[in-house]
Amino acid sequence: MTAWMPPRNKVGTNESIIIDALGRMPDIQLGSDDDGWQLCRWRQFVGTYTLPALPDPVFTVHIAGKPQVKTWDRDGWSELSSMPGCATIVPSGQETGWLVDGELDA
């Protein structure tokens, strides 16, 4: 998945919160502080990953990996699975998470 986020290296940004939640930097980072955009890619492996509510909306694309990734949906894992090519918009203020049974590029 690839996620658009606001400018990097600022405390309390989506990127800094995701880095803290996942415990590592993104594999790829592109962006323009002047134009106010950020594109990051994280590769995750088997496990569950949760993100707290973020201050800004995030556009997320499942770009590679196993096609059976579940997403957190209110009070449980989704019935449907994400697969490469699926996109999600996570509104600001909403927690989210993934159940990965293999590899996920997000």
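Within each chain, residue numbers correspond to sequence positions counted from 1 in written order. A pLDDT threshold of at least 70 governs which residues receive local features in this predicted model, and a stricter bar of 80 or more applies before side-chain atom pairs are shown or counted, although totals over entire chains, interfaces and linings include all residues. The side-chain figures draw on all heavy atoms in the structure; neither hydrogens nor water molecules are used.

## A closer look at the overall build of the chain
Okay, step 1: Working definition: helices are DSSP H or I runs of at least four residues, strands are E runs of at least two. Numbering for both runs from the N terminus. The number of helices and strands found in the chain is one helix and 10 strands.
Okay, step 2: If you list the helices and strands of the chain from N to C, you get β-α-β-β-β-β-β-β-β-β-β.

## Digging into a nonpolar patch on the surface
Okay, step 1: Every patch collects residues that have over 30% relative accessible area and no salt bridge, joining them within 9 Å if they carry like charges and within 5 Å if they are nonpolar side chains (Val, Leu, Ile, Met, Phe, Trp, Tyr). We get accessible surface area from the Shrake-Rupley algorithm with a probe of 1.4 Å; when it comes to residues, only the shown protein chains can shield them. Whenever a carboxyl oxygen of Asp or Glu lies within 4 Å of a side-chain nitrogen of Lys or Arg, that contact is scored as a salt bridge. There is a patch of nonpolar side chains on the surface, built from I28, L30 and W37 and spanning about 260 Å² of accessible area.
Okay, step 2: Note that W37 resides in strand β3 (residues 37–41).
Okay, step 3: Accessible area is worked out with a 1.4 Å probe on protein chains only. A residue is then buried under 20% of its type maximum, exposed over 50%, and partly exposed in between. On the basis of relative accessible area, W37 is assigned to the partly exposed category, the value being 33%.

## Description of the nonpolar core
Okay, step 1: Among buried residues, those of type Ala, Val, Leu, Ile, Met, Phe, Trp, Tyr and Cys that are joined through side-chain atoms within 4.5 Å constitute a nonpolar core. The biggest cluster of nonpolar side chains holds 12 residues, and these are I18, I19, C40, W42, Y49, L51, L54, V58, V69, W98, V100 and L104.
Okay, step 2: Here this core gets three residues from one element, more than from any other, and that element is strand β10 (residues 96–105).
Okay, step 3: Here V69 is in contact with H62, S81, S82, W98, L99, V100 and L104, once residues within four sequence places are set aside. Contacts are assigned to residue pairs with any non-hydrogen atoms lying within 4.5 Å of each other.

## A look at the environment of S16
Okay, step 1: As for its position among the elements, S16 is in helix α1 (residues 14–22).
Okay, step 2: In this structure S16 comes out as partly exposed when scored by relative accessible area, which is 26%.
Okay, step 3: Considered as a pair, S16 and L54 are 38 residues apart in the sequence and their alpha carbons are 9.9 Å apart.
Okay, step 4: N or O atoms within 3.5 Å of each other form a polar contact, as long as, within protein, one can give a hydrogen and the other can take it, and as long as residues adjacent in sequence are counted only when both atoms are side-chain atoms. Polar contacts involving the side chain of S16 include one to the main-chain carbonyl oxygen of T13, which spans 3.0 Å.

## Some details on the pattern of salt bridges
Okay, step 1: Scanning the model with the defined rule gives two salt bridges in all.
Okay, step 2: Notably, a salt bridge pairs D27 with R24, separated by 3.3 Å at the nearest N-O pair.
Okay, step 3: You can call R24 partly exposed: its relative accessible area is 27%.
Okay, step 4: One network of salt bridges, with partners in common, ties together R24, D27 and R41.

## Remarks on the pairing of β10
Okay, step 1: Here a strand pair is declared whenever DSSP counts at least two bridges between the two strands. Looking at chain direction, strand β4 (residues 43–51) and β10 are connected through eight bridges and run antiparallel. Directly across from Y49, in β10, lies its bridge partner W98.
Okay, step 2: Two strands pair when backbone bridges link them, and strand β6 (residues 64–65) and β10 are joined in this way by two bridges, in the antiparallel orientation. In the sheet register, A64 faces β10, and the bridge partner there is D105.
Okay, step 3: Summarising the sheet, strand β7 (residues 70–73) and β10 pair through two bridges and their orientation is antiparallel. Looking at β10, one finds that K70 is bridged to L99.

## Some points on the environment of A21
Okay, step 1: Inspection of the secondary structure puts A21 in helix α1.
Okay, step 2: C-alpha separation for the pair A21 and T50, spaced 29 residues apart in sequence, amounts to 7.3 Å.
Okay, step 3: Residues within four places of A21 in sequence aside, it is in contact with T50, L51 and P52.

Purely geometric stuff here, so don't read any function into it on its own.
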